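# A look at the structure
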Amino acid sequence: MIANDVAQTDLWRSLKEDLANASALQRSALLTEEARQRRRQNVRMISEAGQGHIGGDMSVTDILTVLYCHILRIDPANPAWPDRDRLVMSKGHCAGALYTALASCGFIPSSELSTFMAPGSRLNGHPNRLKVPGVEANTGPLGHGLPIAVGIAHAGMLRSARYRVFAVLGDGEMQEGSNWEALMSAAHYQLSNLCAVIDRNRLQQGAPTEETNALDPLAERLHAFGWEVRTVDGHDFEALIDAFEPSSGGRPVAVVANTTKGKGISFMEDDVSWHHKVPTDEQVRTALEELA
Amino acid sequence: MSTATGGSDVQPAEYDNRDAFADELIALARENPRVVAVCNDSVGSSKLGGFKSEFPDRLINVGIAEQNLVGVGAGLANGGFVPFVSGAAPFLTGRALEQIKADLAYSQYPVVLCGMSPGMAYGELGPTHHSVEDLSWLRALPGLDVVVPADRLETRQALRIAAAADHPTFIRVGRFKVPDVTPEGARLERGHWTTLRDGDDAAVFAIGTMVSRTLRAAELLASEGIEVRVVNAAYVAPLDRAAIADAAASVNALVTVEEANISGGLGAGIAVEVAQSKRRLPMRILGVRDEFAPTGSNDNLLDYFGLTASAISTAVREALSDV
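All residue numbers here refer to positions counted from 1 along the written sequence of the relevant chain. Starting at A for chains and at 1 for ligands, labels are handed out in the order in which the entities are written. Local features in a predicted model are, by the rule used here, given only for residues with pLDDT of at least 70; side-chain atom pairs are given and counted only at 80 or more, and totals for whole chains, interfaces and linings are based on all residues. Just so you know, side-chain values use all the structure's heavy atoms and leave hydrogens and water out.

## Brief notes about the sheet that holds strand β7 (residues 194-197) of chain B
Residues and elements named next belong to chain B.
- Pairs of strands are assigned from DSSP output, requiring at least two bridges between the strands. Starting at the N terminus, helices and strands are each numbered in turn, a helix being any DSSP run of H or I of at least four residues and a strand any DSSP run of E of at least two. Taken in spatial order, the 5 strands make up an open sheet running β7-β9-β8-β11-β12, and their pairing is mixed. Single-partner strands in this sheet number two, and they are β7 and β12 (283-288). In this sheet, neighbouring strand axes are inclined to one another by 20° on average, regardless of whether the strands run parallel or antiparallel.
- In this structure, strand β8 (residues 202-206) lies alongside strand β11 (residues 253-261), joined through 5 bridges in parallel fashion. In the strand pairing of β11, V204 is matched with V255. Every axis in this analysis is a line fitted to C-alpha atoms, fitted for helices over the stretch in contact. Angles between the N-to-C directions lie between 0 and 180 degrees.

## Digging into the interface of chain B and chain A
- We call two residues contacting when some pair of their heavy atoms lies within 4.5 Å. Across the boundary between the two partners, chain B contributes 27 residues, which contact 26 residues of chain A.
- Throughout, buried area stands for the accessible area (probe radius 1.4 Å) lost by two parts on being put together, summed over both. Carbon and sulfur atoms make up 53% of the area that chain B and chain A hide from each other, which totals about 2200 Å².
- On the chain B side of the contact with chain A, N68, N78 and Y106 of chain B bury the most area, a combined 25% of that side's loss.
- For salt bridges, the criterion is a side-chain nitrogen of Lys or Arg within 4 Å of an Asp or Glu carboxyl oxygen. Our enumeration of links across chain B and chain A arrives at 0 salt bridges.
- Under the rule applied, a polar contact is a pair of N or O atoms within 3.5 Å (in protein, one hydrogen donor and one hydrogen acceptor; residues adjacent in sequence only if both atoms are side-chain atoms). Here chain B is connected to chain A by 15 residue pairs in polar contact (both at pLDDT 80 or more).
- Mapped by element, the contributors of at least two residues to the side of chain B that touches chain A are β2 (59-61), α3 (66-78) and α5 (97-106) of chain B.
- In terms of residue count, the dominant contributor to the side of chain B that touches chain A is α3 of chain B (9 residues).
- In this classification, Asp, Glu, Lys and Arg are treated as charged, Ala, Val, Leu, Ile, Met, Phe, Trp, Tyr, Cys and Pro as nonpolar, and every other residue, Gly included, as polar. Considering only residue class, the side of chain B that touches chain A consists of 12 nonpolar, 10 polar and 5 charged.

## Topic: helix α10 (residues 281-290) of chain A
Residues and elements named next belong to chain A.
- Of the positions making up α10, those classed as buried are V284, A287 and L288. Down the axis of α10, the smallest arc covering the buried residues is 95°, so these residues share one side. Exposed side of α10, more than 90 degrees from the buried face: E282, R285 and E289 are the residues found there.
- Where α10 is buried, its residues meet α2 (24-49). Burial classes follow relative accessibility: with a 1.4 Å probe on protein chains only, a residue under 20% of its type's maximum area counts as buried, one over 50% as exposed, and anything between as partly exposed. Read the arc as the range of directions from the helix axis to the C-beta atoms.

## Comments concerning the nonpolar core
- Put simply, buried Ala, Val, Leu, Ile, Met, Phe, Trp, Tyr and Cys residues joined by side-chain atoms within 4.5 Å make one nonpolar core. F84, W193 and L254 of chain B are the most contacted members of the largest nonpolar core, which totals 105 residues.
- Take this core: its biggest share by element is 7 residues, from helix α5 (residues 145-158) of chain A.
- Core analysis: the second largest hydrophobic core is formed by 59 residues, C69, L102, F107 and V132 of chain A among them.

## A few points about the pairing of β12 of chain B
Residues and elements named next belong to chain B.
- In this sheet, β12 lies alongside β11 in parallel orientation, the contact comprising 5 bridges. For N261, the partnering residue across the bridge sits in β12 and is V288.
- Considered for its hand, the β-α-β crossover made up of β11, helix α10 (residues 266-275) and β12 is right-handed. Crossovers are described as right-handed under a simple rule: with the strands pointing away from the observer, the path leading from the first strand over the helix to the second runs clockwise.

## Examining the sheet that holds strand β5 (residues 145-147) of chain B
Residue and element names in this part refer to chain B.
- Here 7 strands make up an open sheet; going across it, the order is β2-β1-β3-β4-β6-β5-β10 and the pairing mixed. One side of each edge strand has no neighbouring strand; the edge strands of this open sheet are β2 and β10 (235-237). Averaged over all pairs of adjacent strands, the angle between strand axes in this sheet comes to 20°, irrespective of strand direction.
- Packed on one face of the sheet, helix α7 (residues 152-164) meets β3 (82-88), β4 (112-116), β5, β6 (169-173) and β10 and runs near 165° to β6.

## Some details on the UniProt feature "domain: Transketolase-like pyrimidine-binding" (unreviewed entry) in chain B
- UniProt positions are given in the numbering used here, feature names are shortened, and annotations may be inferred rather than shown by experiment. Those places that UniProt annotates as "domain: Transketolase-like pyrimidine-binding" (unreviewed entry) correspond, in this numbering, to residues 15-180 of chain B.
- What you have in residues 15-180 of chain B is 42% helix and 17% strand, and the ends, taken at the C-alpha atoms, are 8 Å apart.

## Some details on unusual backbone geometry
- Each neighbour pair has its own omega, and for D216 of chain A with P217 of chain A the value is 0°, a cis peptide bond.
- Tracing the sequence through the fold places P217 of chain A in the loop between α7 (209-212) and α8 (218-224).
- Residue P238 of chain B follows A237 of chain B across a cis peptide bond; omega there is -5°.
- Turning to its location among the elements, P238 of chain B is positioned in the loop between β10 and α9 (241-250).
- Even without being a glycine, S117 of chain B presents a positive backbone phi close to 50°.
- Looking at the secondary structure, you find S117 of chain B in the loop between β4 and α6 (134-139).
- Here D290 of chain B, not a glycine, exhibits a phi torsion of approximately 45°, which is positive.
- If you trace the backbone, D290 of chain B turns up in the loop between β12 and α11 (298-304).

## Observations concerning the UniProt feature "domain: Transketolase N-terminal" (unreviewed entry) in chain A
- UniProt tags residues 40-284 of chain A as "domain: Transketolase N-terminal" (unreviewed entry).
- Structurally, residues 40-284 of chain A comprises 36% helix and 12% strand, and the distance from its first C-alpha atom to its last is 9 Å.

## Some thoughts on the packing of helix α3 (residues 54-71) of chain A against helix α4 (residues 95-105) of chain A
Residue and element names in this part refer to chain A.
- Where α3 meets α4, the axes come as close as 9 Å, and the angle between the chain directions of the two elements is 30°. With respect to their mutual orientation, α3 and α4 come out roughly parallel. Seen from above, α3 lies across α4 with right-handed handedness. From α3, D57, V60, T61, L64 and Y68 reach across to α4, where they touch A95, G96, A97, L98, A101, L102 and C105.
- Across the contact of α3 with α4, the residue classes tally to 9 nonpolar, 2 polar and 1 charged. Each angle receives one of four descriptions, namely roughly parallel if under 35 degrees, roughly antiparallel if over 145, roughly perpendicular if within 65 to 115, and oblique otherwise. We call a crossing left-handed when the near helix sits turned anticlockwise from the far one by less than a right angle, and right-handed when that turn is clockwise.

Encoded structure:
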């Protein structure tokens, strides 16, 4: 395993420290700037690769930024630290957003992002934990991340470890039966160290979720399955920080994060055609201007 | 081998491998506090009752939910545990095949999958409950070991090897009672097969329930002057390529026998090796012939598919007649 990017990890550590000491207003400003940088990197990666899932990457970026910069107890210099918090990226097709997050922690050098999906690159279109430090599971097929996160949460409970487990899911993925199997057993075992974050951008590959196989009332359904549910604006950093507080009632926590697919790039926002379309050079220029 | 029964009226004692599984799992759990069991409501059929009373906190029952079952196993391995994930073989493998592929084989999480009551052990319950496709499916996954123990001793050893591995393993844990076939003191080794009887006319590679039947077939053939090498090929993945090459170089015909669909199991694996070797050898591949079984007991169905000592000996004679 290649060592972390020490200089980048130092920058990340100082950002974490700044965030810990900042006022709410300053904190939002710092996270906004960090997320904007990641979106810019992500747009360039997809443009160079000529492939990627740009819509979902943009919708989940703020969620990942808060988690990686402010919430998770992780050490990029020791990615296998047994007591680390775990983030399982169940929506593995948004590997682009995950890689920018891992690069900003220094798990991988930022310079490597330009190899996204290039022949022989570690940065496959879906993440591989054996190649990329910081990745917890080789996701891609949907409905896999939450069951794995349930197992990690069980392990933490069994050995009274302090770590928390976050599973980041797409909303379309909630149509997979395996997620409902996992939701049932997590509640049954009262896995209060588990947090499922649902990137509720309301669009799946070809159509709105509600026109495909309706998920609503999603929060009520999750509640009925025995979870503590928090519904927030998934682009409001302070709201996300509050939502990621540990469970108060001994139950697993579900954060329904209402987001906008294509967030931050005006012509992509809430447009189903940008699930995995690749922007033209001119569209890339416009996107980068908007994200400047 | 002295355990084969040819010519004798005394039937050897036969055992349910699940009992050996249950005992060895408890032994492993006593030695290592990180050993946990995960099941899909199958506490009884997976014989986990003893484990549950001794280690109640270390048995996770996810209910009838095999996709979650396997995912939870991967997560427990991520969290530093040694998970033994058990369920009836047809549901564990068929229902959760994508989880076995992505979460275990591709992610390389060292989970031990225990496929209970495999093959046609559930006889009259029918093809929905038979697990004869498992070897074809699982052999196609790189990074996953596939073991079919032939008796009690091998079942115990397979569990122990899998518990210490840094990659996932699938073990078939037989319900159909079988006699002991492993010689005393023999040790199962990953990727190495055991020769139970020597011979240079033909070689028969057998697994699981078929090993004792193959030994009886060899006795029948010996009485006709045909000397058959009997190889217990317990590791269906990784295959013992040296054992295949050695047989291909020294006998005149090869026969494989498995309680599984012949489309992609042990016989198919050996045939791929042999087809790419220098020498052309006649082969017979015995198993379930790409057909859903009719109604019948496990014994009836083994007869139906020609998986008896007599049918195995016939196949050897036929293969030798092709030479």
